[in-house]
Protein chains: 2
Amino acid sequence: MKIGFLGAGSVGQTLATKLAANGHDVILGIRTVSPAELAKPRQNAQPLDHWSKTTTARIVTFAEAADHGEIIFNVTPGEHSLAAIAAAGAAPLSGKILIDVANPLDFLRGMPPSLYPALSNTTSVGEQIQAALPGTHVVKAFNTVGAPIMVNPGAISGPHDLFLSGNDAGAKEEVTAFARREFGWSTIHDLGDITGARAQEALLLFWIRIWASSGNPAFNLHIAR
Amino acid sequence: MKIGFLGAGSVGQTLATKLAANGHDVILGIRTVSPAELAKPRQNAQPLDHWSKTTTARIVTFAEAADHGEIIFNVTPGEHSLAAIAAAGAAPLSGKILIDVANPLDFLRGMPPSLYPALSNTTSVGEQIQAALPGTHVVKAFNTVGAPIMVNPGAISGPHDLFLSGNDAGAKEEVTAFARREFGWSTIHDLGDITGARAQEALLLFWIRIWASSGNPAFNLHIAR
């Protein structure tokens, strides 16, 4: 299928590499496409001109990626997501599923990061994207695991879980099926409507603390009963 | 041992009942002790005059409970914790371990609850208690599970985890040993210094969402690797 990404950082590259390898027609959108932009060093990720040589996924603008995808991933940093959505435009995203993977983490104050107050606690990136795109089915998912685990949950032994939320039951069923089929996820919890994104995004404060105190990001949560 | 509680709600009653049954000399502190106060209905908990008939634990004032305990539990609501600490006084808490179980959950805006901004994100109840009591070893613990699970982790099948944070390594070792010995906890993660309380308290937004979406509070998290 045709899959579009908004963003091309480490999460986008990891998801796109896997989905392209699975045979999908994948393109990633960034703000401006230029040789300098493609050669730019990226945090925890390859420069895009290097990465492009390793995959069939291609780099285009936000608007082209939104237009291309039958399903869209938002993998921009949470504080830039609404601008990326605006650059993509509501029309090419209308009627589609947008899987929102963003987290509103503020690293500018040093460690540990906090959540941007305007994007958390009584709101969330997921909710604000849904409000900006009333014709799009936003499903918050994948944001609570590191990128290598998103595409390879089998790297963790024993049961561990994926969480999603969104207003449209059919869209959540499609994302659930997608996560199982493309990556091999098994246990997936539906947290209800898109206000569940508050909980999924707040979980990052905990996730980062587990990472920092253990020194190892290769973990995931399991809800034990 | 002598154990004092600040607070006497459902969490305090559950912990105190178990610790008294284990043979400890347990007393719970509340703001004012009067027949009317003891007969007052309590959310998710028994009126104290009823509950007192079921346990050897006794009800006193905050200051008396702080003075009594060799180890102290703070089980007041997060938004009232600093006032309870002030009522108890720093002197009777000095040199002791205070296990902080509080969460700064604001239910006044309706469901889902949010965290009080002045007590979360870049700070926490745990940190503010530690700042108010520099001579006390504050250990944040037990706040990420429901009260019935705190005292009976065996009610959950399979591995599941307790989290603690605090500035004093020796105090964390004592609380770890206490959790194993009194309640039967096995896997306990040290999240580092007391700033870990931000992560532990933020987790409640996620905890409540899992509860709300599943309809069942009898769960806990496991860090799978």
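Being a predicted model, the structure only gives us computed values, none of them experimental.

**Q** For the side chain of S114 of chain B, give the residues involved together with the corresponding values.
**A** The topology assignment puts S114 of chain B in strand β7 (residues 114-115). Residue S114 of chain B is classed as buried on the basis of its relative accessible area of 3%. Residues contacting S114 of chain B, with those up to four places away along its chain left out, are N121 and T122 of chain A together with P104, L105, D106, R109 and L205 of chain B.

**Q** Report on helix α5 (residues 78-88) of chain B, specifying residues and quantitative values.
**A** Residue and element names in this part refer to chain B. Taken as a whole, α5 has its buried residues at G78, S81, A84, I85 and A88. Buried residues of α5, seen end-on, are gathered within an arc of 100 degrees and therefore sit on one face of the element. On its buried face, α5 sits against β1 (2-6), α4 (62-68), β4 (71-74), β5 (97-100) and α6 (125-132). G89, located one to two residues past α5, shows a positive phi value of around 90 degrees.

**Q** With reference to specific residues and values, describe the relation of the copies chain B and chain A.
**A** Overlay of chain B on chain A (RMSD 0.0 Å): rotation 180 degrees, translation along the axis 0.0 Å. Between the two chains, the operation in question is that of a two-fold axis. Residue H222 of chain B, judged by its C-alpha, is the member of chain B lying nearest the rotation axis, at 2.5 Å. Most of the interface of chain B is mirrored in chain A: 100% of its interface residues are interface residues there too.

**Q** Provide a residue-level description of the pattern of salt bridges, including the pertinent values.
**A** On inspection of all chains with the given rule, the structure shows 20 salt bridges over all chains. Across the pair D25 of chain B and R58 of chain B runs a salt bridge whose closest N-O atoms are separated by 3.1 Å. You can see D25 of chain B sitting in strand β2 (residues 25-30) and its partner R58 of chain B sitting in strand β3 (residues 58-61), a full 33 residues away along the chain. We classify D25 of chain B as partly exposed; its relative accessible area is 30%. Notably, a salt bridge pairs E127 of chain B with R198 of chain B, separated by 2.9 Å at the nearest N-O pair. With E127 of chain B in helix α6 and R198 of chain B in helix α9 (residues 196-214), this residue pair connects regions lying 71 residues apart in the sequence. A residue is classified by how much of its surface remains accessible, and R198 of chain B, at 17% relative accessible area, is buried. Through salt bridges with shared partners, a single network forms among E37, K40 and R42 of chain A.

**Q** I'd like a rundown of the interface of chain B and chain A, residues and numbers included.
**A** Listed per partner, the contact involves 37 residues of chain B and 37 residues of chain A. Of the roughly 3,100 Å² buried between chain B and chain A on both sides combined, carbon and sulfur atoms contribute 59%. The interface formed by chain B and chain A holds 2 salt bridges in total. Here chain B and chain A share 19 residue pairs in polar contact (both at pLDDT 80 or more) between them. Every element with two or more residues in the side of chain B that touches chain A is listed here: β7, α9 and β11 (220-224) of chain B. The greatest single-element share of the side of chain B that touches chain A, amounting to 11 residues, is contributed by α9 of chain B. When grouped by side-chain class, the residues that make up the side of chain B that touches chain A number 18 nonpolar, 13 polar and 6 charged. Pairing between strand β11 (residues 220-224) of chain A and β11 of chain B: 5 bridges, direction antiparallel. Bridge pairing in β11 of chain B links N220 of chain A to A224 of chain B.

**Q** Summarise the packing of aromatic side chains; cite the residues concerned and give the values.
**A** Tallying each qualifying case throughout the model produces 16 aromatic pairs over all chains. Aromatic pair F163 of chain A and F206 of chain B: ring centres 4.9 Å apart, planes at 90 degrees, arrangement edge-to-face. Here F163 of chain A is found in strand β9 (residues 161-166), whereas its partner F206 of chain B is found in helix α9 on a different chain. Both residues of the pair, F163 of chain A and F206 of chain B, count as buried. Here the aromatic cluster, defined as three or more aromatic residues joined through ring pairs, consists of F5, F73, F142, F178 and F183 of chain A.

**Q** Break down the confidence of the model for chain A for me, citing the residues and quoting the values.
**A** Per-residue confidence for chain A gives a mean pLDDT of 97, with 100% of residues at or over 70. As a predicted assembly, this complex carries a pTM of 0.97 together with an ipTM value of 0.96.

**Q** An account of the environment of L38 of chain A is needed here, citing residue identities and associated values.
**A** All names here are of chain A. Along the polypeptide, L38 turns up in helix α2 (residues 35-39). Taking C-alpha positions, L38 is 27 Å from E182, a pair spaced 144 residues apart along the chain. When neighbours within four sequence positions are excluded, L38 is seen to be in contact with I30, V33, P47, L48, D49 and I59.

**Q** Mind laying out the side chain of T144 of chain A, listing which residues take part and the relevant values?
**A** Here T144 of chain A lies in the loop between β8 (137-141) and α7 (147-150). Filtering out sequence-adjacent residues up to four positions away, T144 of chain A remains in contact with F163, Q200, L203, L204, W207 and N220 of chain A.

Each value, and the rule that gives it
- Residues numbered from 1 in each chain as written.
- Chains lettered and ligands numbered in written order.
- Predicted model: local features only at pLDDT ≥ 70, side-chain atom pairs only at ≥ 80, totals over all residues.
- Heavy atoms only, no water.
- Helix = DSSP H or I, 4+ residues; strand = E, 2+ residues; numbered from the N terminus.
- Buried < 20%, exposed > 50% of the residue type's maximum accessible area, 1.4 Å probe, protein only.
- Contact = heavy atoms within 4.5 Å.
- Arc of directions from axis to C-beta.
- Least-squares fit on C-alpha atoms with pLDDT ≥ 70 in both.
- Salt bridge = Lys/Arg side-chain N within 4 Å of Asp/Glu carboxyl O.
- Buried area = accessible area lost by both parts, 1.4 Å probe.
- Polar contact = N/O pair within 3.5 Å; in protein donor to acceptor, adjacent residues only side chain to side chain.
- Nonpolar A, V, L, I, M, F, W, Y, C, P; charged D, E, K, R; others polar.
- Pairing = 2+ DSSP bridges.
- Phe/Tyr/Trp six-rings, centres within 6.5 Å; stacked < 30°, edge-to-face > 60°.
- pLDDT = per-residue confidence, 0-100.

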